Amino acid sequence: MTTAPAAPAVLAGGSAGSSPYQSYVYAYPHKTAYRELPDRPPLRELWAGESQHALSLYLHIPFCEVRCGFCNLFTRIGGPDGLTTAYLDALDRQAGAVRAALDEGAGFALAAFGGGTPTYLSAAELERLCDIAEHRMGADLRAIPLSVEASPATATADRLAVLAERGATRLSLGVQSFVDAEARSAVRPQKRAEVEAALGRIRDAGFPVLNIDLIYGIDGQTEASWLRSLDAALAWRPEELYLYPLYVRPLTGLARRGEAESPAQWDTRRLALYRAGRDHLLAHGYEQVSMRMFRRAAAPQAGVSEYACQTDGMVGLGCGARSYTSRLHYSFDYAVDATEVRRIIDDYVATPTFDRAVVGRAMTPPEARRRHLVQSLLQAEGLALADYRDRFGSTPAEDFPTEFAAFAARGWLAEDTHGATAGPAERLRLSPEGLAHSDAVGPMLFSPEVRALMAEYEAK
């Protein structure tokens with residue numbers, strides 16, 4: 001039950017006074033830029049000629065036991081009798097159609113179960129989910145990294161035992177806050193004792209990597225309470241920690257409660273909390289991987305990063321999943337409103353065949369350049385200029401002079417790559433302040449066409 005990307009609030013981007021929190025950009029283009037595909041191309045045609053020896057596999061489970069106030073994930077609360085079974089039936093049908101569209105020798109290098117909350121499923125249903133990944137798709141879950149998201153209430157011993165036995169290498173727990181009052185403020189009904197008990201069960205299950213998600217910027221949260229929450233997480237020595245800024249998005253619970261402070265005040269508080277959290281984790285032996293992700297030094301890297309699973313050659317199964325080929329990104333319809341989400345899930349469950357793409361956006365060479373930058377520049381290690389030059393025959397500064405001039409003027413580029421034109425062995429990296437403003441850097445790299453499509457999108 002991790003936080004999800006939001007459509008940028010300031011699509012034009014780039015003004016000196018614009019918010020540092022425009023959008024969490026982990027994939028490009030955003031799903032709100034997708035449109036119905038009038039020709040509904042056959043999957044076999046889409047995957048023909050694509051590199052398929054090391055694909056990513058993502059299975060989406062659109063169910064949660066509750067809906068948090070900040071959540072705009074594609075998910076519904078609970079499910080009537082038989083719905084999860086019917087959903088897995090549809091997932092199985094889709095897996096068969098997708099596998100038939102891939103080459104006979106196609107293979108998978110990593111996998112992830114997300115949502116929603118995959119552990120909303122019962123232990124027996126999780127067994128079936130793994131069977132679909134392995135027997136239908138051909139992914140050897142015990143031989144590749146497998147990341148699974150969970151919530152404290154659904155991280156039960158029987159479910160965790162199934163996931164551990166089937167090869168899960170990373171368990172990501174959506175905690176958001178160890179302070180009960182803050183959890184209530186974020187409309188997340190949980191008690192710290194329940195969270196601690198779930199963490200104990202997860203550690204007992206023996207997953208190589210534990211990730212804990214936390215959120216800063218919650219109403220009433222102070223630097224002192226934020227650091228207490230971080231210390232509570234650190235007591236479990238998680239291999240990874242994700243620190244998410246709170247967003248209040250349309251059609252979510254928090255959006256209906258009104259604002260407790262001005263946007264400028266909230267931005268200032270979120271930035272201060274981010275810096276306090278970052279410095280605290282660095283002082284406790286963690287390395288910064290991106291604005292959000294921190295990894296304990298020397299910890300195993302058995303998981304799926306937020307960017308690695310968004311590359312070309314990603315196969316998504318489920319009504320909220322996306323798939324990526326080099327030429328087209330595609331998915332199903334997207335919604336946040338509960339009624340619309342239920343409609344889309346019902347349509348998915350009733351679909352007899354899944355051999356065509358329904359909704360998506362074609363990837364042109366200019367958009368591929370922007371996507372490459374988003375996926376690389378927003379990570380602390382940055383972008384290898386030689387890789388970019390080998391792929392596109394140019395440099396980022398040549399392709400995007402206006403954007404990089406703006407980044408440099410604001411001090412968002414590391415000094416050793418300030419011009420974005422360094423030699424082939426060099427990297428283009430964001431400065432610490434640039435990383436802090438990742439949610440403004442990303443939207444500034446969106447194309448005018450994608451911005452226009454996102455602006456036209458009507459939330460539902």
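Check the entry above for the structure.
Residues numbered from 1 in each chain as written. Predicted model: local features only at pLDDT ≥ 70, side-chain atom pairs only at ≥ 80, totals over all residues. Heavy atoms only, no water.

### Considerations on the overall build of the protein chain
Now for step 1: Along its length, the protein chain carries 16 helices and 17 strands.
Now for step 2: For the protein chain, the share of sequence-separated contacts (at least 6 apart) that also reach a separation of at least 24 residues comes to 77%.
Now for step 3: Total accessible area on the protein chain is roughly 17200 Å²; 53% of this is exposed by carbon and sulfur atoms. (Helix = DSSP H or I, 4+ residues; strand = E, 2+ residues; numbered from the N terminus. Contact = heavy atoms within 4.5 Å. Areas by Shrake-Rupley, 256 points an atom, 1.4 Å probe, with all protein chains shown as cover.)

### As for the packing of aromatic side chains
To describe a pair of aromatic rings, one takes the distance between the centres and the angle between the planes.
Now for step 1: Going through the model one piece at a time under the given rule, you end up with 17 aromatic pairs.
Now for step 2: Relative to tyrosine 87, the ring of phenylalanine 63 has its centre 5.5 Å away and its plane inclined at 85 degrees; by these criteria the two rings are edge-to-face. Here tyrosine 87 lies in helix α2 (residues 83-101) and phenylalanine 63 lies in strand β3 (residues 63-64), a separation of 24 residues in the sequence.
Now for step 3: Judged by relative accessible area, phenylalanine 63 falls into the buried class, the value being 0%. (Phe/Tyr/Trp six-rings, centres within 6.5 Å; stacked < 30°, edge-to-face > 60°. Buried < 20%, exposed > 50% of the residue type's maximum accessible area, 1.4 Å probe, protein only.)

### Considering the pairing of strand β2 (residues 55-61)
Now for step 1: Buried residues dominate β2, accounting for seven of its seven residues.
Now for step 2: Neither face of β2 is exposed, since Leu55, Leu57, Leu59 and Ile61 on one face and Ser56, Tyr58 and His60 on the opposite face are all buried.
Now for step 3: Two strands pair when backbone bridges link them, and β2 and strand β5 (residues 108-115) are joined in this way by seven bridges, in the parallel orientation. Paired with histidine 60 across the bridge in β5 is glycine 114.
Now for step 4: Where β2 meets strand β12 (residues 314-317), four bridges bridge the pair, whose relative direction is parallel. (Pairing = 2+ DSSP bridges.)

### Some thoughts on the environment of arginine 188
Now for step 1: Looking at the element boundaries, arginine 188 is found in the loop between α5 (180-185) and α6 (192-205).
Now for step 2: Judged by its relative accessible area of 3%, arginine 188 is buried.
Now for step 3: Separated by twelve residues in the primary sequence, arginine 188 and glutamine 176 place their C-alpha atoms 8.6 Å from one another.

### Things to note about the packing of α2 against helix α9 (residues 338-350)
Now for step 1: Taken N-terminus to C-terminus, the directions of α2 and α9 make an angle of 55 degrees; their axes are 8 Å apart at the nearest point. Between α2 and α9, the interaxial angle falls into the category oblique. Between α2 and α9 the crossing geometry is left-handed. Packed against α2, whose contacting residues are Leu83, Ala86, Tyr87, Ala90, Leu91, Arg93 and Gln94, the element α9 presents Ile345, Asp346, Tyr348, Val349 and Ala350 at the interface.
Now for step 2: When grouped by side-chain class, the residues that make up the contact of α2 with α9 number nine nonpolar, one polar and two charged. (Axes fitted to C-alpha atoms, helices over the stretch in contact; angles between N-to-C directions. Parallel < 35°, antiparallel > 145°, perpendicular 65-115°, else oblique. Left-handed = near helix turned anticlockwise from the far one by under 90°. Nonpolar A, V, L, I, M, F, W, Y, C, P; charged D, E, K, R; others polar.)

### Structural notes on empty space enclosed by the protein
Now for step 1: Applying the stated criterion across every chain yields a total of three cavities of 30 Å³ or more.
Now for step 2: By volume, the second largest cavity is sized at about 110 Å³.
Now for step 3: In this structure, the second largest cavity is lined by 14 residues; those nearest its centre are Gln94, Gly316, Ser323, Tyr330 and Phe332.
Now for step 4: Counting only elements with at least two residues in the lining of the second largest cavity, the list comes to α2 and β14 (328-331).
Now for step 5: Partitioning the lining of the second largest cavity into residue classes produces eight nonpolar, four polar and two charged. (1 Å grid on protein atoms, 1.4 Å probe; cavity = no way out; pocket = protein on both sides within 12 Å on 5 of 7 lines; lining within 4 Å. Points joined across faces, edges and corners; volume = space filled by probe spheres on them.)

As far as function goes, none of this settles anything; it's purely spatial.
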